[in-house]
Amino acid sequence: TVYHFGGDAPHDDERQKDKTVTGGKGANLAVMAGIGLPVPPGFTITTEESVRYLNEGEDFSDKLRADVAEAVAHIERSVGKKLGDPADPLLVSVRSGAQVSMPGMMDTVLNLGLNDETVEGLATSSGDARFAWDSYRRFIQMYSDVVLGLDHGAFEQAVEIAKEDKGYFSDTEMEADDWRAIVDEFKQIVRRERGEPFPQDVEAQLWGAIAAVFESWDSERAKIYRRLNAIPAEWGTAVNVQAMVFGNMGDTSATGVAFTRDPSTGERAYYGEWLVNAQGEDVVAGIRTPQYLTRARREAAGAKLPSMEEAMPEAYAELERVFDLLERHYRDMQDIEFTVQEGKLWMLQTRTGKRTARAALKMAVDMVEEGLIDEKAAVLRIDPMALDQLLHPALDPDAPRDVVAKGLPASPGAASGAIVLDADTAEQRANRGDAVILVRVETSPEDIHGMHAARGILTARGGMTSHAAVVARGMGRPCVSGASSVSINLADRKLRIGSRELKEGDVITLDGATGEVMAGEVPTIEPELAGDFGTLMDWADRYRRMAVRTNAETPEDCRTARGFGAQGIGLCRTEHMFFDTGRISAMRAMILADDERGRRAALERLLPEQRSDFAEIFRTMAGLPCTIRLLDPPLHEFLPSRDEEFQELASDLSVGVEHLKRRAGELHEFNPMLGHRGCRLGITFPEIYEMQARAIFEAACEVTGEGGDPVVPEIMIPLVATRRELDILRKLVERVAADVFEERGASVDYLVGTMIELPRAALMAGKIAKEAMFFSFGTNDLTQTALGVSRDDASRFLGPYVEKGIYQRDPFVSLDIEGVGELVRLAAERGRATRADIKLGICGEHGGDPASIDFCETTGLDYVSASPYRVPIARLAAAQAAL
Ligand code: PEP
Ligand code: MG
């Protein structure tokens, strides 16, 4: 299907304004035309057409050919020019537009419709030969790059050489005949590279561009972007063809991009960049440095070149009117592209603007105050994962900074890392665990994987709307762009920043909030959680049903999580407490003991340590529920591996090294994840769980005795598969509790429950619930066992699995709702059928993943538990799930 917009087209078909049908760009063009904004006429080919084209052997249907012909005729009627008319040609732009904006896809071809004949017509009809030839060379270069797939380097070089020959400094000095000569050269380059001349037939040009947009949906870069952002391949992309308007027709023409609020800070101030006598790509490509849109900004920056507000007051006033209309229509900040052709303003695009997390919060809170949206809309508007940017440390303002350069504050946050000069190196080093900063002259969609791998991005060229800036903000990476004192020597892998020589691998620090670049590493401080963040989180808490707990086992993590609003501990992995120095040797002595007596002696040493750990945690959590899991991992995880460690342990325990090594060998397992671990340890070595239960109850009695809210421990048994296992271990815990309470003459309330992390446990949940007062879904192991995929080895093949769409996302990151989720649903239902008030929670990694949290809400779980830094994300996601 093809939809018309602008001109005399009707805009009342709701499907045309649905971005799943016409893509973001197409839908918004229809909306803008519908509310009476000046939009050059054009048409949108729907997303379904691209999917059909790719699925059906890359051929256009007769229907599509006919629809496009009719739509071109509509543009021709509206503009009063004809495509290919040698006297007065219509020129069009062709742009891709998926549901969400996607770097990596073919973006834009401008000036389509020019050829050796029509360029003469354009020269005559516009009365400007220079403009005509300049437009033609731009068209050949863009078309060759994005449609024919030729390297743009050769074209740029030809222009550079021509300028040098003429002694020109800038493109604006090139005259009509200079551009005409360039066009000849460009055509030769095309013929040489392709063995065919540049297409002169304007219809062929148009269909070539449409095919290129369709095919760009399946380009490598687009696929990478889709994978990183969980965008389904079935969406496809729309194509927008639109009559050209020209920002390069002299000093009353201009082009620019603008935001209705500041995308970095969220401040309510128009923000944008523009260029006189230029075409759109000049602004974003960073070829000329753009000027400020508003006078206030220009003055604040101390810039000399006039703002649009000052240079073109009438067009600017019209633009402000448009900003206002658009914000009122969309009730959100808009990111706009516009062109002024001989004094008249034209809107080329609007979309909801990307923003930093800080700006998103400020805008949402402000818009509630302004009455533009309500609290619920504000809560729904913030991407929970974006909060991550705010929860991490910023540069310590009091720490010394060795500032070596300053660029634009393109995306906030602080990052330190080793300099890398290309995207592949960034990815390789990041995979090895290194923190890296990607430093480029400017970035392009080919750099996406490297930008993702890097902690931060620094570019020498480009403004606040350059590729680097936009993509970095979207990814939440700190970015400093346009640091013009940076010059890069790729051959020697060196760079110069200001007066400093640096090389690849040297550490630098970026402050994306100020644009500063510092040599070395600068210390950081904890983030500020009050203000807009606090307001929005209060709103989220108001609308959320599920509680949010944390996975924590140290008092420090508990404090961090409480600061982030955790309402209890959902998982305390007690084994983590055994790794401390001093304890590990008692633990090893316990594991390597020859018999129960030896084990009990070692456990005696561990008891007071565990007790004081638990007491400290209970104090920190101050009466909030705490789920404590008894020992889970296979014992050999605690064993020494290196010779020195064996020697040390042997002398510690006064036994021979060989003896120890033999015992360690006996503990070897072929498949430890399915081996002697979890409740199987408690069944075979009950003294271990007895010691842990004792430590928990003694600590609970002690802390409750100190006053304050009573401690109600929730004791959790891991890796249960059968009711009988839980029956035995529940009784063990109850026996220990009775002993401790009698010894102390005091008691506490407590719960005994289990992890549901094996498929059999999920299926048998109805029976298991007879012994369990709560279930906590251990979706890490449940995913591993349900899928038969080792959680420790999956990275080798899960990448290709996700690429091929076998799994939409890594199932260890985002729950496989269809499969593993079915087990969770079933277990919840069967558990409740046995015990109506059974408490249900999740403590796998998925408890901090928004999509999985949404599933937990639907399934009616009582709480989710996430690692401390994920707690705010979970609070917001839980609220969104409930709304
Ligand atoms: C789980 O399996 O989901 C879980 C939380 O436990 P662990 O990751 O410690 O195995
Ligand atoms: Mg587990």
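Residues numbered from 1 in each chain as written. Chains lettered and ligands numbered in written order. Predicted model: local features only at pLDDT ≥ 70, side-chain atom pairs only at ≥ 80, totals over all residues.

Looking at an unreviewed UniProt entry, the protein chain carries the name Pyruvate, phosphate dikinase, with the source organism given as Aurantiacibacter spongiae. Turning to the protein chain, the UniProt annotation filed under Cofactor (unreviewed entry) states: "Mg(2+)". The Function (unreviewed entry) comment attached to the protein chain in UniProt states, word for word, "Catalyzes the reversible phosphorylation of pyruvate and phosphate." (UniProt positions renumbered as here; feature names shortened; annotations may be inferred.)

Student: Account for the overall build of the protein chain, with residues named and values stated.
Tutor: Helix and strand counts for the protein chain come out as 35 helices and 33 strands. Taking the principal axes of the C-alpha coordinates as reference, the protein chain spans close to 105 × 60 × 50 Å. Counting all 883 residues of the protein chain, 50% fall into the buried class. For the protein chain, the share of sequence-separated contacts (at least 6 apart) that also reach a separation of at least 24 residues comes to 68%. (Helix = DSSP H or I, 4+ residues; strand = E, 2+ residues; numbered from the N terminus. Buried ≥ 20, exposed ≤ 12 C-beta atoms within 10 Å, placed from the backbone. Contact = placed C-beta atoms within 7 Å.)

Student: Lay out the domain arrangement of the protein chain with the relevant residues and their values.
Tutor: How big an interface is tends to be expressed through the accessible area that disappears when the partners come together. Under the domain assignment used here, the protein chain contains domain 1 (2-243), domain 2 (254-355), domain 3 (393-525) and domain 4 (544-634 + 669-882). Between the C-alpha centres of domain 1 and domain 4 there is a distance of 57 Å. Taken together, the contact between domain 1 and domain 4 spans four residues of the former and five residues of the latter. Class assignment for the residues of the side of domain 1 that touches domain 4 results in two nonpolar, no polar and two charged. (Domains from an automatic or database assignment. Nonpolar A, V, L, I, M, F, W, Y, C, P; charged D, E, K, R; others polar.)

Student: Please provide a residue-by-residue account of the site of ligand 1, values included.
Tutor: Taken together, Leu571, Arg573, Asp632, Glu757, Gly778, Thr779, Asn780, Asp781, Cys843 and Gly844 form the complete shell of residues around ligand 1. Those elements that provide at least two residues to the shell around ligand 1 are strand E27 (569-573) and helix H31 (779-787). With three residues, H31 is the largest single contributor of residues to the shell around ligand 1. The residue makeup of the shell around ligand 1, split by class, is two nonpolar, four polar and four charged. (Near = placed C-beta within 6 Å.)

Student: Mind laying out the sheet that holds strand E14 (residues 403-406), listing which residues take part and the relevant values?
Tutor: Strand order in the open sheet made by the eight strands is E14-E24-E23-E16-E17-E18-E19-E15, with mixed pairing throughout. Bordering the open sheet on either side are E14 and strand E15 (408-411), each of which pairs with just one other strand. Averaged over all adjacent pairs, the angle separating strand axes in this sheet is 30°, with direction ignored. As paired strands, strand E17 (residues 436-440) and strand E18 (residues 456-459) are joined by four bridges and run parallel to one another. Within E18, the position partnered with Leu438 by the bridge is Ile457. Along the sheet face, helix H17 (residues 423-431) touches strand E16 (414-420) and E17 and points at about 180° away from the line of E17. (Pairing = 2+ DSSP bridges. Axes fitted to C-alpha atoms, helices over the stretch in contact; angles between N-to-C directions.)

Student: Kindly report on unusual backbone geometry, identifying the contributing residues and their values.
Tutor: Positive phi, close to 45°, is recorded for Glu342, a residue that is not glycine. Tracing the chain through its elements places Glu342 in the loop between strand E11 (334-341) and strand E12 (344-352). Although it is not a glycine, Arg493 adopts a positive phi angle of roughly 55°. One can find Arg493 in the loop between strand E20 (486-489) and strand E21 (494-497). Judged by local crowding, Arg493 falls into the partly exposed class, with 15 C-beta atoms found within 10 Å.

Student: Describe the nonpolar core, naming the residues involved and giving the relevant values.
Tutor: In this structure, Ile437, Leu438, Val517, Leu536, Val548, Phe618 and Val864 are the most contacted members of the largest nonpolar core, which totals 262 residues. If you tally residues by element for this core, the top one is helix H27 (residues 686-705), at 11 residues. Ignoring any residue separated from it by four or fewer positions in sequence, one finds Ile437 in contact with Ala415, Gly417, Ala418, Ile419, Ala454, Arg455, Gly456, Leu458, Ile508 and Leu510. (Core = buried A, V, L, I, M, F, W, Y, C linked by C-beta atoms within 7 Å.)

Student: Which residues make up the sheet that holds E12, and what are the values?
Tutor: Taken together, the five strands give an open sheet; going across it, the order is E10-E9-E8-E11-E12, and neighbouring strands pair in antiparallel fashion. In this open sheet, the two strands that pair with only one neighbour each are strand E10 (291-292) and E12. In terms of strand pairing, strand E8 (residues 254-259) meets E11 through six bridges, oriented antiparallel. Note that in E11 the partner of Ala254 across the bridge is Val340. Relative to the sheet, helix H13 (residues 313-330) contacts E8, E11 and E12, its axis offset from that of E12 by approximately 30°.

Student: Just give me the short version of the UniProt feature "binding site: substrate" (unreviewed entry) in the protein chain, but keep the residues and values in it.
Tutor: In the numbering adopted here, UniProt assigns the feature "binding site: substrate" (unreviewed entry) to Arg573, Arg629, Glu757, Gly778, Thr779, Asn780 and Asp781. In this structure, Gly778 sits in the loop between strand E31 (774-777) and H31. If sequence neighbours within four positions are ignored, Gly778 has contacts with Met755, Ile756, Glu757, Cys843 and Gly844. In this fold, Asp781 is placed in helix H31. Among residues more than four places away in sequence, those in contact with Asp781 are Leu719, Glu757 and Leu758.

Student: Explain helix H6 (residues 153-166) to me, and be specific about the residues and the numbers.
Tutor: Over its 14 residues, H6 extends 20 Å from the first C-alpha to the last, a length consistent with the 20 Å expected when each residue adds 1.5 Å. Burial within H6 is sparse, with just one of its 14 residues counted as buried. Once H6 finishes, Gly167 follows within two positions and takes phi at roughly 75°, a positive value. (Expected span 1.5 Å × (residues − 1).)

Student: Let's hear about the packing of H6 against helix H7 (residues 176-194): which residues, and what values?
Tutor: Between two packed helices, both the angle of their axes relative to each other and the distance between the axes serve to describe the pair. Relative to each other, H6 and H7 sit at 145°, their axes nearing to 10 Å. Once H6 is placed against H7, the crossing between them reads as right-handed. Where H6 approaches H7, its residues Ala154, Phe155, Ala158, Val159, Ala162 and Lys166 are matched on the opposing element by Asp178, Ala181, Ile182, Glu185, Phe186 and Ile189. Taken together, the residues that form the contact of H6 with H7 break down as nine nonpolar, no polar and three charged. (Left-handed = near helix turned anticlockwise from the far one by under 90°.)

Student: Explain the confidence of the model for the protein chain residue by residue, including any values.
Tutor: Chain-level statistics for the protein chain give a pLDDT mean of 92 and a share of 98% at 70 or above. This prediction of the complex comes with two scores: 0.78 for pTM and 0.99 for ipTM. (pLDDT = per-residue confidence, 0-100.)

Student: How would you summarise the environment of Asp134 if you had to cite specific residues and measurements?
Tutor: Tracing the backbone shows Asp134 in helix H5 (residues 129-146). Taking the C-alpha atoms as reference points, Asp134 and Asp171, 37 residues apart in sequence, are found 9.7 Å from one another.

Student: Tell me about H7, residues and numbers included.
Tutor: Compared with the 27 Å implied by 1.5 Å per residue over 19 residues, the 27 Å span of H7 between its first and last C-alpha is a close match. Among all positions of H7, only Asp178, Trp179, Ile182, Val183, Phe186, Ile189 and Val190 are buried. Along the axis of H7, the buried residues cluster in a sector spanning 140°; they form a single face. In this structure, H7 carries Asp177, Asp184, Arg191 and Arg192 as exposed residues pointing more than 90 degrees from its buried face. Buried positions along H7 lie against H5 and H6. Following H7 by one or two positions, Gly195 adopts a phi angle in the positive range, close to 75°. (Arc of directions from axis to C-beta.)

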